[in-house]
Amino acid sequence: MSYALKKDLDETDLISVSVTSKAFSKKLESFALSSLSDLQKDKVLDKINRNTLKLFVTDNPIYFRLDFPSNYKELKAGTIMWRDDHVQDRLNRYEAYFKAFVTLNSSDSVEDLCLLPIYFEPRINALGRAYHLAASMPRLIRAICVTKTNELVYEVDMVSAQPSLLMLEWLKSLEDINTKEAKKCLDLVIDGGIYSYIKSHSKQLNKMDYGRMKKSILTTLNAEHKATKLHKELVILFPDFMGWIDTIKKQGDYRKVSHLGQSAEANIFINVFKDLPEDMFSLIIHDCILTTEPKTKLVQDKLIAITKEIYCDVLSKNVNLDKLFKISKVSVVRWEDPK
């Protein structure tokens, strides 16, 4: 796993030490490979590792380096430590992932994947969510990836996933889904328009950029119950839905709301991912599945089918969910072999 160091830690307390002992290096390798046989017995985790190896990082570091000021330097060899609140350390994270994945371009070995300095054991948590190396890969690094068969990477993701799933769970709990608010929420889910609707009806979010707006909404839905300005606006827009959210929080652990959304997400995406054909490239990244362009419709159809099955009391068989599960291109470039 990756671990966070407390922000007030003095930088002089961090000492970088090179491993020169062959015996110690062998110990590290042995430790990294020790759980591989168990991982290979798990259908989902083994599939994640094997498909991670199908990624090919193109030689385009300039694509992510342009996102950083020009006075920052490339990562020093062997350094894999970074802090999210320091620009240089954020660049270090990008460089670490880039350099590590480049070494896999010529390998199809799971052992080589496990020996990467940034590698951590993939796992599925208690809510069913999969955490793994490819899921933690920075977005700008993912954008310069293609597959080893030289196909562009695409994604099928659920629009406004967490609020959409929470609204579906709320609708599923109702005896009557024909109320004005229930119909409005269902329409917003189907059209993938929850965030844009909230933004256009919120004085606080109206001029905010998309990333901050999304974070503000998710924080309000998932954090402890507080009567903030945004919470009050959401109560005005969705009084019954927000009443249901607040009731869950007041019954005990407020994290039950986020757990409910993440569990619902995993129920859809993990089940689709594990049943996709073994010979096609696919990777699960929480609320989306990566694949190649010819397979996007297959993935989209399967995601729609299982969503309709789970929420059969809410979603009719004929409803079109193409806007809820959108297809988009991830790769920004195609690698051309100089040979």
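The coordinates are above.
Residues numbered from 1 in each chain as written. Predicted model: local features only at pLDDT ≥ 70, side-chain atom pairs only at ≥ 80, totals over all residues. Heavy atoms only, no water.

## What about helix 14 (residues 239–250)?
Along an α-helix, a turn takes 3.6 residues, which lines up residues three or four apart on a common side. What counts is decided by this rule: Numbering of helices and strands starts at the N terminus; helices are DSSP runs of H or I of at least 4 residues and strands are runs of E of at least 2. One less than the number of residues in a helix, times 1.5 Å, gives the span that helix is expected to have. Residue exposure (1.4 Å probe, protein chains only): buried if accessible area is under 20% of the type maximum, exposed if over 50%, otherwise partly exposed. Residue contacts are defined here by distance: any two heavy atoms, one from each residue, within 4.5 Å place the two residues in contact.
For helix 14, spanning 12 residues, the distance from its first C-alpha to its last is 16 Å, which sits close to the expected 16 Å at 1.5 Å a residue. What helix 14 keeps buried is the set Phe 241, Met 242, Trp 244, Ile 245, Asp 246, Ile 248 and Lys 249. On its buried face, helix 14 sits against helix 9 (161–173), helix 10 (180–191), helix 12 (210–222), helix 13 (229–237) and helix 15 (256–275).

## Description of the pattern of salt bridges
Put simply, the rule is: Here, a salt bridge means any Lys or Arg side-chain nitrogen found within 4 Å of an Asp or Glu carboxyl oxygen.
This structure, assessed with the given rule, holds 7 salt bridges. Measuring nitrogen to oxygen at the nearest pair gives 3.8 Å for the salt bridge that ties Glu 278 to Lys 47. One end of the pair, Glu 278, is in the loop between helix 15 and strand 6 (283–284); the other, Lys 47, is in helix 3 (residues 43–52), with 231 residues separating them in the sequence. Assessed through its relative accessible area of 40%, Glu 278 is described here as partly exposed. Linking Arg 129 and Glu 265 is a salt bridge whose minimum nitrogen-to-oxygen distance equals 2.7 Å. Highlighted residues: Arg 129 in the loop between strand 2 (123–124) and strand 3 (130–131) and Glu 265 in helix 15, separated in sequence by 136 residues. For Glu 265, a relative accessible area of 1% translates into the label buried. Among the ionic contacts, a cluster of salt bridges with common partners joins Asp 46, Lys 47, Arg 50 and Glu 278.

## Some details on the layout of surface pockets
Threshold: A cavity here means a set of points on a 1 Å grid, drawn over the protein atoms and nothing else, where a 1.4 Å probe fits but cannot get out; a pocket is an open set with protein on both sides within 12 Å along at least five of seven lines, and a residue lines either one if it has an atom within 4 Å of a point. Grid points are joined across faces, edges and corners, and a volume is the space filled by probe spheres set on the points. Three categories are distinguished: nonpolar for Ala, Val, Leu, Ile, Met, Phe, Trp, Tyr, Cys and Pro, charged for Asp, Glu, Lys and Arg, and polar for the others, with Gly belonging to the last.
Approximately 520 Å³ is the volume attributed to the second largest pocket. Taken together, 19 residues line the second largest pocket, and the ones lying closest to its centre are Asp 157, Met 158, Ala 161, Lys 214 and Asp 287. Counting only elements with at least two residues in the lining of the second largest pocket, the list comes to strand 5 (153–158), helix 9 and helix 12. Grouping the constituent residues of the lining of the second largest pocket by class yields 9 nonpolar, 3 polar and 7 charged.

## A short note on the packing of aromatic side chains
Quick note on the threshold: The aromatic pairing rule takes the rings of Phe, Tyr and Trp, using the six-membered ring of Trp, and pairs them if the centres are within 6.5 Å, calling planes under 30 degrees apart stacked, those over 60 edge-to-face and the rest tilted.
Using the criterion set out here, one finds 6 aromatic pairs in the structure. On the basis of an interplanar angle of 90° and a centroid distance of 6.1 Å, the ring pair of Tyr 195 and Tyr 210 is categorised as edge-to-face. In this pair, Tyr 195 sits in helix 11 (residues 194–200) while Tyr 210 sits in helix 12, placing the two residues 15 residues apart along the sequence. For Tyr 195, a relative accessible area of 4% puts it in the buried group.

## Concerning unusual backbone geometry
One non-glycine residue, Asn 150, lies in positive phi territory at about 65°. With respect to the element layout, Asn 150 can be found in the loop between strand 4 (145–147) and strand 5.

## A few points about the packing of helix 13 against helix 14
We apply this condition: Angles shown run from 0 to 180 degrees and are taken between the N-to-C directions of axes, each axis being a line fitted to C-alpha atoms and, for helices, limited to the stretch in contact. By the definition adopted for this analysis, an angle is roughly parallel if under 35 degrees, roughly antiparallel if over 145, roughly perpendicular if from 65 to 115, and oblique otherwise.
Axis separation between helix 13 and helix 14 bottoms out at 5 Å; the angle between their running directions is 125°. In terms of their interaxial angle, helix 13 and helix 14 are classed as oblique. In this structure, helix 13 contributes His 231, Leu 234, Val 235, Ile 236 and Leu 237 to the contact, and helix 14 contributes Pro 239, Met 242 and Asp 246. Residue classes in the contact of helix 13 with helix 14 are distributed as 6 nonpolar, 1 polar and 1 charged.

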